[in-house]
Amino acid sequence: MTQRPQDDQPPPLPRPDGVSGGIPEVIPSYQPPARAGAGGAVREPQDRIDTYFGQVDRIGRFPLARETRVNAGMSTVRLDLREVIAPGETIEIRLAMWMSNLRLVVPPGTEVALQVNASMGGARLEVDAKAQGAPPTGTRVVISGWSTMSDVRVRAFALGTKPRSGWRWTRPK
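Criteria and thresholds
Residues numbered from 1 in each chain as written. Predicted model: local features only at pLDDT ≥ 70, side-chain atom pairs only at ≥ 80, totals over all residues. Heavy atoms only, no water. Buried < 20%, exposed > 50% of the residue type's maximum accessible area, 1.4 Å probe, protein only. Helix = DSSP H or I, 4+ residues; strand = E, 2+ residues; numbered from the N terminus. Pairing = 2+ DSSP bridges. Salt bridge = Lys/Arg side-chain N within 4 Å of Asp/Glu carboxyl O. Axes fitted to C-alpha atoms, helices over the stretch in contact; angles between N-to-C directions. Core = buried A, V, L, I, M, F, W, Y, C linked by side-chain atoms within 4.5 Å. Contact = heavy atoms within 4.5 Å.

Chemist: Give me the lowdown on the pairing of strand β8 (residues 76-80), citing residues and values where you can.
Modeler: Consecutive side chains of a regular strand alternate in pointing toward one face of the sheet and then the other. Most of β8 is tucked away: 4 of the 5 residues are buried. For strand β6 (residues 55-58) and β8, the ladder comprises 4 bridges, and the chain directions are parallel. Among the inter-strand pairings, Arg-58 is bridged to a residue of β8, identified as Leu-79. Where β8 and strand β10 (residues 101-106) come together, 5 bridges link them in parallel fashion. The residue bridging Leu-79 from the neighbouring strand is Leu-104, located in β10.

Chemist: Explain the pattern of salt bridges residue by residue, including any values.
Modeler: One pass over the full model with this rule turns up 15 salt bridges. Among the ionic pairs, Asp-50 bridges to Arg-48, the shortest N-O distance being 2.9 Å. Notably, a salt bridge pairs Asp-57 with Arg-78, separated by 2.8 Å at the nearest N-O pair. Of this pair, Asp-57 sits in strand β6 while Arg-78 sits in strand β8, placing them 21 residues apart in sequence. Residues joined in a network through salt bridges with shared partners are Arg-124, Glu-126, Asp-128, Arg-153 and Arg-155.

Chemist: Talk me through the sheet that holds β10; I want residue IDs and the actual numbers.
Modeler: Read across the open sheet, the 5 strands follow the order β6-β8-β10-β14-β12; overall the sheet is parallel. Strand pairing shows two members of the sheet lacking a second neighbour, β6 and β12 (122-127), which therefore form its edges. With strand direction ignored, the average angle separating the axes of adjacent strands in the sheet is 5 degrees.

Chemist: Explain the nonpolar core residue by residue, including any values.
Modeler: Core analysis: the largest hydrophobic core is formed by 25 residues, its most contacted members being Leu-81, Ile-93, Leu-95, Leu-104 and Ile-143. For this core, the elements supplying multiple residues, two or more each, are β7 (67-73), β8, β9 (90-98), β10, β11 (111-119), β13 (140-148) and β14 (151-156). By residue number, the principal contributor to this core is β9, which donates 4 residues. For Ile-93, the contacting residues outside a window of four places in its chain are Thr-68, Val-70, Leu-79, Leu-81, Leu-104, Val-141, Val-142, Ile-143 and Ser-144.

Chemist: Quick one: what's the story with unusual backbone geometry, residue by residue and with numbers?
Modeler: Glycine aside, residues mostly have negative phi angles, and peptide bonds mostly take the trans form. Even without being a glycine, Met-99 presents a positive backbone phi close to 50 degrees. Tracing the backbone through its elements, the reader meets Met-99 in the loop between β9 and β10. Looking at Met-99, the relative accessible area reads 33%, which means it is partly exposed. Although it is not a glycine, Met-120 sits at a positive phi angle of roughly 55 degrees. With respect to the helices and strands, Met-120 occurs in the loop between β11 and β12. A residue is classified by how much of its surface remains accessible, and Met-120, at 63% relative accessible area, is exposed.

Chemist: Tell me about the sheet that holds β11, residues and numbers included.
Modeler: Strand order in the open sheet formed by 5 strands is β5-β7-β9-β13-β11, with parallel pairing between adjacent strands. The outermost strands of the open sheet, each flanked by one partner alone, are β5 (46-52) and β11. Adjacent strand axes in the sheet meet at a mean angle of 10 degrees when their direction is disregarded.

Just distances and angles here, no functional claims.
Given below as structure tokens:
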């Protein structure tokens, strides 16, 4: 059995005779130190979104994996990556969609590679006028896979700008 590092445990409660030791104190707000790598927080390698006849929204700050697989049937998946993606990072989204919609928002200056095999549907990238001249951030989002009778739309606009009609779900509530 492996023992956890000392800094991952809260300090023990003092015993009645004043000597420390005994049962560790339970602190509800205590969290062990975050794992960090060379580029900040360590991302999980894979995540999966499975939805059939439903809707999945990920807005604000949420855990984002390096590779996310989206399996959707007659559904809507909406992802806002503006607060969770770091400059210089590459994120991959793999699609398997049937009669579904994917709406993805990225920060200005993000390179987006749409490698989607769209049958009886479409895949397009839109950049807002205010985000047109944004310098490249080194961030890259690769979207690959297939979609049948589905629509994949990626939009680049800055955090805090008023979104166009149909993209208002990105505003905090």
